[in-house]
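One letter stands for each residue in the lines below.
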Amino acid sequence: MPFPPGTKIKLWTGGHTNRPGVDPPWLLKIVAVFAFLSVIGALIYVVLETIRGPGSTGLSAEMAIYVVSLHFIVPITVFYSVTTISCASRFLILTYVITLCVSTIANKGFLGGLEIDTSIRNIVAPAALVSVVGWLFLSPKMRVYYALIAGRDVPEDLESRTATIVEASKLNPRVRAALDWFANHLETTVLLGLMILALYAFISTA
């Protein structure tokens, strides 16, 4: 069905498609924000690498696939799954972190290219992965959250804390209004940024 003239397609309306009475824990909200920033950053990075001009090697096919998949496609799915209160967010985040850990150890991507001692990188990357796994599957807030949105019973050891955990995750009305305003203007900001990059590309190659 076509959209009527003047209809604005929003990236996020502030609503939820699943379990509207349950808000994601705050740390999970922050992960969603960073995921969306990764999407914007990937777009800007690809454009800048493309318009470097004559003599520039630009992005290799391998690097382009890495950036698009790990820093664009996966973060979009993470952002969408968190904002729609989907159980898939847990496994998407896990997939992202595992891929990032493996690529870092293999000296791939931005983190893998940092001038850090190999032994330190090989310790820090798995440690970060274990920390994220622990947060996703052992954190009381995450266990309660995913049990509630999956329609399962809350673990017995957390039943007495469920109401407190759910209440602590709820957004203040003013904060929600601020996030809605940000969401309403985010598309415009991104489009303006891409227009500026396109103008820069035209001027630099003219």
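In case you missed it, the structure is sitting above this.
Residues numbered from 1 in each chain as written. Predicted model: local features only at pLDDT ≥ 70, side-chain atom pairs only at ≥ 80, totals over all residues. Heavy atoms only, no water.

**Side note on the nonpolar core**
Working step 1: In this structure, Leu28 and Tyr145 are the most contacted members of the largest nonpolar core, which totals 23 residues.
Working step 2: Among the secondary structure elements, those contributing two or more residues to this core are α1 (26–50), α2 (61–83), α3 (88–105), α5 (118–138) and α6 (140–149).
Working step 3: If you tally residues by element for this core, the top one is α1, at five residues.
Working step 4: Apart from residues lying up to four places away in sequence, Leu28 is in contact with Val82, Ile93, Trp135, Met142, Tyr145 and Tyr146.
Working step 5: Listed in part, the five residues of the second largest apolar core include Ala42, Val67, Leu70 and Leu100. (Core = buried A, V, L, I, M, F, W, Y, C linked by side-chain atoms within 4.5 Å. Buried < 20%, exposed > 50% of the residue type's maximum accessible area, 1.4 Å probe, protein only. Helix = DSSP H or I, 4+ residues; strand = E, 2+ residues; numbered from the N terminus. Contact = heavy atoms within 4.5 Å.)

**A word on the side chain of Ser89**
Working step 1: On the secondary structure map, Ser89 appears in helix α3.
Working step 2: What Ser89 contacts, discounting residues up to four positions off in sequence, is Ser81, Val82 and Tyr146.

**Re a nonpolar patch on the surface**
Working step 1: Nonpolar side chains collect at one region of the surface, where Leu27, Ile30, Val33, Phe34 and Leu37 lie side by side and expose about 480 Å² of accessible area between them.
Working step 2: Assignment of secondary structure puts Phe34 in helix α1. (Patch = residues over 30% accessible without salt bridge, like charges linked within 9 Å, V, L, I, M, F, W, Y side chains within 5 Å. Areas by Shrake-Rupley, 256 points an atom, 1.4 Å probe, with all protein chains shown as cover. Salt bridge = Lys/Arg side-chain N within 4 Å of Asp/Glu carboxyl O.)

**Let's talk about the environment of Ala147**
Working step 1: Mapped onto the elements of the fold, Ala147 is located in helix α6.
Working step 2: For Ala147, a relative accessible area of 1% gives the class buried.
Working step 3: The residues contacting Ala147, other than those within four sequence positions of it, are Arg152, Asp153, Val154 and Pro155.

**A short note on the environment of Val166**
Working step 1: By secondary structure assignment, the location of Val166 is in helix α7 (residues 162–169).
Working step 2: Setting aside anything within four residues of it in sequence, one finds Val166 in contact with Gly21 and Leu148.

**Examining the pattern of salt bridges**
Working step 1: Per the stated rule, a full pass over the model turns up one salt bridge.
Working step 2: Its salt-bridge partner being Arg143, residue Asp157 comes within 3.2 Å of it at the nearest N-O pair. Of this pair, Asp157 sits in the loop between α6 and α7 while Arg143 is found in helix α6, placing the two residues 14 residues apart along the sequence.

**Describing the side chain of Ser103**
Working step 1: For Ser103, the location among the structural elements is in helix α3.
Working step 2: Reaching out from Ser103, the side chain makes a polar contact with the backbone oxygen of Leu100 at a distance of 3.0 Å.
Working step 3: Excluding residues that lie within four positions of it along the chain, Ser103 makes contacts with Tyr66, Leu70 and Lys108. (Polar contact = N/O pair within 3.5 Å; in protein donor to acceptor, adjacent residues only side chain to side chain.)

**Focus: α7**
Working step 1: Residues of α7 that are buried: Thr162, Ile165, Val166 and Ser169. The buried residues of α7 occupy an angular sector of 95° when projected down its axis, which confines them to one face. Of the exposed residues in α7, those oriented more than 90 degrees away from the buried face are Ala163, Thr164 and Glu167. (Arc of directions from axis to C-beta.)

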